[in-house]
Structure formats: structure tokens, C-alpha cells
Amino acid sequence: MIPVSEPLLDDRALAYVTEAVRSGWISSEGRFISEFERRWAEYCGVGHGIAVCNGTVALELAMAALALPPGSEVILPSFTIISCVAALLRTGCRPVLVDCDPATWCLDVGEVERKITSATRAIMPVHMYGHMADMAPLMEVARRRGLAVIEDAAEAHGAEYHGRRAGGIGTLGCFSFYANKIVTTGEGGMVVTDDAGLAERARSLRNLCFRRDQRFLHNELGYNFRITNLQAAIGLAQVERVEDHVSRKRRMAALYTERLCNVAGLKLPVERPGVKNVYWMYGVVLDDVVDVDAAGFARRLREQGVDTRPFFLGMHEQPVLRERGFFAGESYPVTERLSRRGLYLPSGLGLGEAEIEKVCGAVRQCLA
Ligand SMILES: Cc1ncc(COP(=O)(O)O)c(C=O)c1O
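The rules we used
Residues numbered from 1 in each chain as written. Predicted model: local features only at pLDDT ≥ 70, side-chain atom pairs only at ≥ 80, totals over all residues. Heavy atoms only, no water. Pairing = 2+ DSSP bridges. Helix = DSSP H or I, 4+ residues; strand = E, 2+ residues; numbered from the N terminus. Right-handed = clockwise from strand over helix to strand, strands pointing away. Axes fitted to C-alpha atoms, helices over the stretch in contact; angles between N-to-C directions. Contact = heavy atoms within 4.5 Å. Buried < 20%, exposed > 50% of the residue type's maximum accessible area, 1.4 Å probe, protein only. Near = heavy atom within 4 Å. Polar contact = N/O pair within 3.5 Å; in protein donor to acceptor, adjacent residues only side chain to side chain. Areas by Shrake-Rupley, 256 points an atom, 1.4 Å probe, with all protein chains shown as cover. Nonpolar A, V, L, I, M, F, W, Y, C, P; charged D, E, K, R; others polar. Expected span 1.5 Å × (residues − 1). Arc of directions from axis to C-beta. Core = buried A, V, L, I, M, F, W, Y, C linked by side-chain atoms within 4.5 Å.

Engineer: Just to check I follow, could you spell out the pairing of strand 4 (residues 120-123) for this structure?
Structural biologist: Look at any regular strand and the pattern is simple: side chains alternate between the two faces of the sheet. Two elements, strand 2 (residues 73-77) and strand 4, share three bridges in a ladder whose sense is parallel. Directly across from Ile 75, in strand 4, lies its bridge partner Ile 123. Both strand 4 and strand 5 (residues 148-152) contribute to a ladder of two bridges, which runs parallel. Bridging across to strand 5, Ile 123 finds its partner in Val 149. This β-α-β element, strand 4 to helix 6 (residues 135-145) to strand 5, shows right-handed connectivity.

Engineer: Please explain the sheet that holds strand 9 (residues 189-193) as it appears in this structure.
Structural biologist: Pairing between sheet strands relies on hydrogen bonds along the backbone, with the strands arranged either parallel or antiparallel. Read from one edge to the other, the open sheet built from seven strands follows the order 1-9-8-5-4-2-3, with strand pairing classed as mixed. For this open sheet the edge positions go to strand 1 (48-52) and strand 3 (94-98), each flanked by a neighbour on one side alone. Taking the axes of each pair of neighbouring strands and ignoring which way they run, one obtains an average angle of 25° across the sheet. Of the pairings in the sheet, the one linking strand 1 to strand 9 comprises five bridges and is antiparallel in character. For Ala 51, the partnering residue across the bridge sits in strand 9 and is Met 190. Contacts from helix 6 reach strand 4 and strand 5 within the one sheet, and its direction differs from that of strand 5 by about 150°. Contacting strand 1, strand 8 (172-176) and strand 9, helix 7 (residues 196-206) runs over the sheet at an angle of about 20° to strand 1.

Engineer: Would you take a moment to explain unusual backbone geometry for this structure?
Structural biologist: Trans is the prevailing form of peptide bonds, just as negative phi is the prevailing case for residues other than glycine. Positive phi outside glycine occurs at Trp 105, with the angle close to 70°. Considering the arrangement of structural elements, one finds Trp 105 in the loop between strand 3 and helix 5 (109-114). Positioned with a positive phi, Tyr 129 is a non-glycine residue whose angle comes to about 55°. On the accessibility criterion, Tyr 129 (2% relative accessible area) is buried.

Engineer: Help me understand the site of the ligand in this model?
Structural biologist: By nearness alone, 14 residues border the ligand, and Thr 56, Asp 152, Glu 155, Ser 176 and Lys 181 come closest of all. Contact distances for the ligand include 2.6 Å between a nitrogen atom and a side-chain N or O atom of Asp 152. Side-chain polar atom of Ser 176 to an oxygen atom of the ligand: 2.7 Å apart, as the coordinates give it. If the ligand stood free it would expose 380 Å²; the protein chains cover 89% of that surface. With three residues, the single largest contributor to the shell around the ligand is helix 3 (residues 55-66). Tallied by class, the residues present in the shell around the ligand amount to five nonpolar, six polar and three charged.

Engineer: Any chance you could explain the environment of Gly 283 here in plain terms?
Structural biologist: Examined against the element boundaries, Gly 283 turns out to sit in strand 12 (residues 282-286). In this structure, the C-alpha to C-alpha distance between Gly 283 and Leu 9, residues 274 residues apart in sequence, is 24 Å. Apart from residues no more than four positions distant in its own chain, Gly 283 is found in contact with Trp 105, Lys 267, Leu 268, Pro 269, Phe 311, Leu 343 and Tyr 344.

Engineer: Which parts of the structure should I look at to understand helix 2 (residues 31-44)?
Structural biologist: Given 3.6 residues per helical turn, the α-helix brings residues three or four places apart onto the same face. The end-to-end C-alpha distance of helix 2, which contains 14 residues, comes to 20 Å, matching closely the 20 Å that a straight helix rising 1.5 Å per residue would cover. Those residues of helix 2 that fall on the buried side of the exposure criterion are Phe 32, Ile 33, Phe 36, Glu 37, Trp 40, Ala 41, Tyr 43 and Cys 44. Projection of helix 2 onto a plane perpendicular to its axis shows the buried side chains occupying an angular sector of 155°, all on one side. Of the residues trailing helix 2, Gly 45 is marked for its positive phi of about 80°.

Engineer: Just to check I follow, could you spell out helix 7 for this structure?
Structural biologist: Regarding helix 7, the residues found buried are Leu 198, Ala 199, Ala 202, Leu 205 and Arg 206. One face of helix 7 carries all of its buried residues, which in axial projection span an arc of 130°. Of the surrounding secondary structure, the elements contacted by the buried residues of helix 7 are helix 2, strand 1, helix 3, strand 8 and strand 9. Sitting at the amino-terminal end of helix 7 is Asp 195, which places a side-chain oxygen 2.9 Å from the backbone nitrogen of Gly 197.

Engineer: In this structure, what is going on with the pairing of strand 3? I would like to understand it.
Structural biologist: With four of its five residues buried, strand 3 lies for the most part within the structure. With five bridges joining them, strand 2 and strand 3 adopt parallel strand pairing. Across the sheet, the residue bridging to Leu 76 is Leu 97, located in strand 3. Considered for its hand, the β-α-β crossover made up of strand 2, helix 4 (residues 82-90) and strand 3 is right-handed.

Engineer: Whenever I open this one, the nonpolar core confuses me. Can you help?
Structural biologist: Generally speaking, soluble globular proteins have nonpolar side chains that are buried together. Core analysis: the biggest nonpolar cluster contains 104 residues, and Trp 40, Leu 61, Met 63, Phe 79, Met 124, Tyr 129 and Ile 150 have the highest contact counts within it. With nine residues, helix 3 is the largest single contributor of residues to this core. The residues contacting Met 124, other than those within four sequence positions of it, are Leu 59, Met 63, Val 74, Ile 75, Leu 76, Pro 77, Cys 84, Leu 88 and Ile 150. In this structure, Met 252, Val 292, Val 363 and Leu 367 belong to the second largest nonpolar core, which totals 30 residues.

Next up, the structure:
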């Protein structure tokens, strides 16, 4: 079975972890955490990084740092992971959905302004599968309407929009470093920002809001969202080779596109002018003429030894959110179509040309 993803870990990661173990700094203090934060923030083009234990809590921490008034509305795409909505609900905000662009799979910026009300306080674009949302018009709307922007860049490490990196354009950017991500720490995440005040708040909230002067006196309820020095040791080794990882993803995508571009029945990922897509995962969308949906197609590929994953199911179709009274009667046709017709092919960092060839052969056969 060709796996959908596998991490690429090197001897340097092993050496750094060994150094962390030998030093005895295995919890949330130690040189690797500050170094990892500094290097990742610098890579994203911003001044501050706050490393946390996963990408889901990175989103929650970013929201908590903003301290929006209860009931604030935050606009985000329906086509995303539940982590985004969970972060909003857990910080007292209300999710307001928009559909997505059928080609980039990122939120439809044109729809954002139509959803703004007097209660809107922020926008949460999600850079989907490695391609960034259309940030220029989005930031312009945010500036004009005085809204914060929380970029979910979990899937877009190193992606660029007119020369600026994912996570470094909005008020805050959030990353996941789960094992399938371009840069991984096993489990991990980070909030990045250029705003020193927000960074300081996020740092305090990450660590239970201990006070510097009187440690056990608390003025606010914080979280324990800390990362360990062991994870950051892997993270630092990974950041040191992020360019290689991004190049591998782009090479993989070029090979897939070359072999699949003439196959009838498939929509392939795009790269809009001025955008650098990092193809975190190589997604394909089945045309309506194809006789099976994504789940059926995945079963056929599995029989051929090819593992895949389905696209996200829209937030407006989630029972846990519908039961709470959200999104009643709402429909987002592009999201609905993507969730039924989209899946991603093996996209691991170690994927070789022969494997890509085998996957493409299986895809052609399953479509025939
Ligand atoms: C877009 C997006 N946001 C957030 C997350 C959550 O990250 P984590 O799994 O590290 O909690 C993911 C995870 O894959 C993701 O794809």
C-alpha cells in the first residue's frame, strides 16, 4: 500500500532530541523551544512565535489572545476542519460561514463582505491543502471594516502570496506540526504574529497565566498548551530543511500534474498567479461524469494498493453543530460538491517517481 503521507526525519532531528534528553530539559523549558519559535517566526516574516502542543489549540490560543467580546461573529469557510469552529465556540464567538472557490478550495473572498454584520469582529481564512486564500482583497476588507484576521496556515507551511509567507499576513497565523505536515514535531503547533502585545498575551495564556512577580496569583484563566523541548528539538531540525521539504512537495505535484493533466474526469490543483502552492496534499476532484463519488473511488484505489483521504465535510453539515442550532437551512454548494467528489492522493515527503507513476496508473484504471 502506498501511504498517503509519511514524515521525513533525519539524523539532525535525532541528534537534537538526544541533546535535549541528555540536557534533562524535556518539558516546556529549554533552548530548542525558543530557537524553534524564533526560526519559524522569522521564516514566516514576523517577529513572534508561540509554540503550542497542536494546531487545534494554536487556533484557540490565537482567538483567546484577541479577547473578542462574547457573541462576536467570525467569518470562515464551511470547507475546513472542525478545529476552526471549535476554537471559535470555545472562546465565546459565533461562526459565520462562507462557501469556497471551486478551483483553489479556499474561502470565497467575494462572499465575506456580504456576511459582515455589526457583530463581526474577525475573519479566519484557511489555506487549503497548500494553496493560500486570496489575501489582498481579504486584508483590504478587514482593514476597511476594522476586523482581525486569523490565518489557518496548518496546511500551507512555506506557501507564498505575492512574496509573503502563509501565516505572516494576518493579525495572527496558526500552524499545525502534526506528523503529516510539511514541518512536523509529531504533535505540535504555533501561533505567529507581528503584534508584540498579542504575542505576550498568547505566551501568558499558553502557560496558565502565571504572573512574573507572583507566580501563583492569577488575573485570568489560562491554558496549559505548552510544547516540550523534545518536540521543539525535532521542530528545529525540520525548520532547517523546510526549503527542501517544500521543493519535494512541488516536485511531487509537478509529476502528478504532468501525468494526470490529460486524464478525463479529474480536476487537479491550481496555482493562481502570484501564489506559491506548496501542495501539502495533492487533491483531485472527480467530475460529474465519473460514475462513483470520492468514497467509491477511494475504495477502488485501495484495491490497487493506493491509500487516499477524503476531503473535509463542510461545517454546515456537521451533526454536532446542527444539534447546537447552527447553520439551519444553510447550503454551500461548492463545499458540498468538494466533500463528495474530492480526495487526496499519496503525497508523502519521501514519495518517489516510481510510486507516483503507480498511483497515476491506478487512477487511470479506476476511472476507465
Ligand atoms: C486546516 C487545519 N487546521 C487545523 C488543524 C489542526 O491541527 P492539529 O491536528 O495539529 O490539531 C489541521 C490539521 O490537520 C488542519 O488541516
